Amino acid sequence: MTGPVAMVLRKPQPADGPAIYSLVCQCPPLDANSRYAYLLLADHWADTCVLAEDDSGTVKGFIAAYTPPQRLDTLFVWQVAVAAAVRGQGLAQQMLDAILQRPVCAFVRHVEATVTPDNTASARLFQGFARRRAAPVHTGSGYPASCFGDSGHAEELLWRIGPFSRQSVQENPAAA
Ligand SMILES: CC(C)(COP(=O)(O)OP(=O)(O)OC[C@H]1O[C@@H](n2cnc3c(N)ncnc32)[C@H](O)[C@@H]1OP(=O)(O)O)[C@@H](O)C(=O)NCCC(=O)NCCS
């Protein structure tokens, strides 16, 4: 890591949809969802998503996340995208912290995500998050490859981190 990167971290807005879509397209192995899906995320789920922009207003990072209706103590992290030029500087961690510090996450004690077995960077991101909060990590079967039909998509392993305290979230302030 080369040190914290200075970005404005904020909730996305519908007008950010095209920039989010473009960023995700530049971040394999992420699946690019439809433009309309990112528009809805930036509108209906803005409270649990975050966007990072540099001082020129260019979008460099995005996290799509939400609380599953059946588990309101859990933040499910769907996609994390950081532009290649600013990776390894803690931006993904900062963005995750920024979501969790919002009042809407006051009752969140777990983070969940699914990770393909070969995605080392993603695994390290969630390991680091858990380590900094001394939180347990449970990994298990998430979605087998068969759930993706014949697309060639690898299995997605489920990671569940927590419980962690609210205090441990506040003690890891995001540099915004
Ligand atoms: C995964 C990704 C979001 C990480 O973003 P980032 O801003 O570079 O991550 P951070 O700098 O916050 O690093 C978080 C941790 O991951 C580690 N890490 C980051 N990139 C890594 C890599 N390529 N290989 C190994 N570890 C890596 C960091 O060392 C750090 O570990 P630490 O907490 O033990 O110090 C980014 O690489 C990316 O957008 N990749 C393509 C899309 C993707 O795979 N998204 C994740 C699946 S949803």
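Rules used in this analysis
Position numbers for residues count from 1 along each chain, tracking the sequence in the order it is written. Given that this is a predicted model, residues contribute local features only at a pLDDT of at least 70 and side-chain atom pairs are listed and counted only at 80 or more, while totals for whole chains, interfaces and linings are drawn from all residues. Working from all heavy atoms in the structure, the side-chain values ignore hydrogens and water. Two cysteine sulfurs form what is called a disulfide whenever their separation falls within 2.5 Å. Only protein chains enter the accessibility calculation, which uses a 1.4 Å probe; a residue is then buried when its area is under 20% of its type maximum, exposed when over 50%, and partly exposed in between. We define a salt bridge as a side-chain nitrogen of Lys or Arg found within 4 Å of a carboxyl oxygen belonging to Asp or Glu. Helix and strand definitions follow DSSP, with helices as H or I runs of at least four residues and strands as E runs of at least two, each counted in order from the N terminus. Joining through side-chain atoms within 4.5 Å is the link that ties buried Ala, Val, Leu, Ile, Met, Phe, Trp, Tyr and Cys residues into a set, and such a set is a nonpolar core. Here, two residues are considered to be in contact whenever any of their heavy atoms come within 4.5 Å of each other. Distances are taken per atom, and a residue is near a molecule or strand as soon as one of its heavy atoms is within 4 Å of it. Counted as a polar contact is a pair of N or O atoms within 3.5 Å, where, for protein atoms, one must be capable of donating a hydrogen and the other of accepting one, and residues adjacent in sequence contribute only when both atoms are in side chains. Computed with the Shrake-Rupley method and a 1.4 Å probe, the accessible areas treat only the protein chains shown as cover for residues. Detection works on a 1 Å grid of protein atoms alone, calling trapped sets that fit a 1.4 Å probe cavities and calling open sets with protein on both sides within 12 Å along at least five of seven lines pockets, with lining residues defined by an atom within 4 Å of a point. Molecule-in-pocket calls rest on the fraction of atoms, with more than half required to lie within 2 Å of the cavity or pocket grid points. Residues are grouped as follows: Ala, Val, Leu, Ile, Met, Phe, Trp, Tyr, Cys and Pro are nonpolar; Asp, Glu, Lys and Arg are charged; all remaining types, including Gly, are polar.

Below, the discussion takes up the state of the cysteines. The tally for this structure, following the rule as stated, stands at zero disulfides. The cysteine Cys 49 is free of any disulfide, with Cys 105 supplying the nearest cysteine sulfur at 10 Å. What makes Cys 105 buried here is its relative accessible area of 0%.

As enumerated under the stated definition, the model contains six salt bridges in all. A salt bridge links Lys 11 to Asp 47; the nearest nitrogen and oxygen atoms lie 3.0 Å apart. Residue Lys 11 is found in the loop between strand E1 (8-10) and helix H1 (17-25), and its partner Asp 47 is found in the loop between helix H2 (35-44) and strand E2 (50-53); the two are separated by 36 residues along the sequence. Among the residues examined, Lys 11 registers a relative accessible area of 39% and is labelled partly exposed. The exposure class assigned to Asp 47 is partly exposed, which follows from its relative accessible area of 37%. Residues Glu 112 and Arg 160 are paired through a salt bridge, measuring 2.8 Å at the closest nitrogen-oxygen approach. Of the two residues, Glu 112 is situated in strand E5 (residues 110-115) and Arg 160 in strand E7 (residues 156-161); the sequence distance between them amounts to 48 residues.

Once that is clear, we can look at the nonpolar core. Judged by nonpolar contacts, the single largest core of 47 residues is most densely connected at Leu 75, Val 77, Leu 91, Leu 100, Val 111 and Phe 126. The residues touching Val 111, leaving out its near neighbours within four places in the chain, are Leu 75, Val 77, Leu 100, Phe 126, Phe 129, Trp 159, Arg 160, Ile 161 and Phe 164.

A separate point is the site of the ligand. Taken together, the neighbourhood of the ligand is formed by 25 residues, with Val 80, Val 82, Gly 88, Gly 90 and Arg 132 sitting nearest. Take Gln 93: an N or O atom from its main chain is 3.1 Å from an oxygen atom of the ligand. Taking Arg 132, its side chain carries an N or O atom lying 2.9 Å from an oxygen atom of the ligand. When the ligand sits alone it has 910 Å² of accessible area, and the protein chains cover 83% of it. The cavity that encloses the ligand is the largest pocket. Secondary-structure elements contributing two or more residues to the shell around the ligand are strand E4 (74-82), helix H3 (91-100) and helix H4 (120-132). Top element by residues in the shell around the ligand is H4. It accounts for seven residues. Counted by class, the shell around the ligand contains 13 nonpolar, eight polar and four charged residues.

This next bit is on the side chain of Glu 112. The class of Glu 112 is buried, set by a relative accessible area of 4%. In this structure the side chain of Glu 112 is engaged in a polar contact, spanning 2.8 Å, whose partner is the side chain of Arg 71. A distance of 2.8 Å separates polar atoms of two side chains, one belonging to Glu 112 and the other to Arg 160.

Bear in mind that shape data such as this cannot, by itself, settle questions of function.
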